[in-house]
Amino acid sequence: MRMTAPLATVAAAVLLSACATAPMPAPYSQAGLPAPVQVPAGQRVALETVGAGTITYECRAKADMAGQYEWFFVGPDARLMDRSGKAIGRYYGPPATWESMDGSKVTATQVAVAPGGTGNIPLQLVKANPAMGMGAMQGVSYIQRVATKGGVAPMLPCGQASLGQKQVVNYQADYIFYRPAM
């Protein structure tokens, strides 16, 4: 079926108006988050991801506390997915590294944590170091870990008998990446 010029013009106008009225995604709300993990003013959301994977803990002697032991956070290994569930990268460490499938990656330094609720790892705000490689992670300034589920240290006893033993626990969290607003 071939469209006449006026009909094609009307169809194009309808499509353009539909695009113009589609709601823009709202910025990630800071309102419900504890103040220490809120992103500083002047930042905009660059990417929202869901991280799902594992955290490894190891039973170690407490530093400077002879005869006392604790489950020590060794590192994460998670898949990063967009909101539709499509894999777009990885989160692993140490050091804590967020890597996009395009090869760009970023490490970061912790700024603050806040309780994530019973049985959940804390919420977290980190300041990103300059990205390595060109791609999605370039220009990222802050990363928030929110909506945490699981991931806390094992409830198993940690003592002399279990020294060096590792335990892996499942977790999930949203990682929100920010860039400076222009």
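Residues numbered from 1 in each chain as written. Predicted model: local features only at pLDDT ≥ 70, side-chain atom pairs only at ≥ 80, totals over all residues. Heavy atoms only, no water.

A.B. asks: With reference to specific residues and values, describe the overall build of the protein.
C.D. replies: Within the protein, the secondary structure is distributed over 1 helix and 8 strands. Tracing the protein from N to C terminus, the helices and strands come up as α-β-β-β-β-β-β-β-β. Of the contacts made within the protein by residues no fewer than 6 positions apart, 61% connect residues no fewer than 24 positions apart. Carbon and sulfur atoms provide 62% of the accessible area of the protein, an area that totals close to 10700 Å². (Helix = DSSP H or I, 4+ residues; strand = E, 2+ residues; numbered from the N terminus. Contact = heavy atoms within 4.5 Å. Areas by Shrake-Rupley, 256 points an atom, 1.4 Å probe, with all protein chains shown as cover.)

A.B. asks: Any chance you could break down the state of the cysteines for me, citing the residues and the numbers?
C.D. replies: Considering all chains together, one arrives at 1 disulfide under this definition. Here C59 is linked by a disulfide to C158, with a sulfur-sulfur distance of 2.1 Å. Judged by the sign of its S-S torsion, about 100°, the bond between C59 and C158 is right-handed. Of the two residues, C59 sits in strand 1 (residues 43–61) while C158 sits in the loop between strand 7 (142–150) and strand 8 (166–180), which places them 99 residues apart along the sequence. Take C59 and C158: they sit in the same class, and that class is buried. (Disulfide = S-S within 2.5 Å. Buried < 20%, exposed > 50% of the residue type's maximum accessible area, 1.4 Å probe, protein only.)

Just geometry here; none of it tells us what the structure is for.
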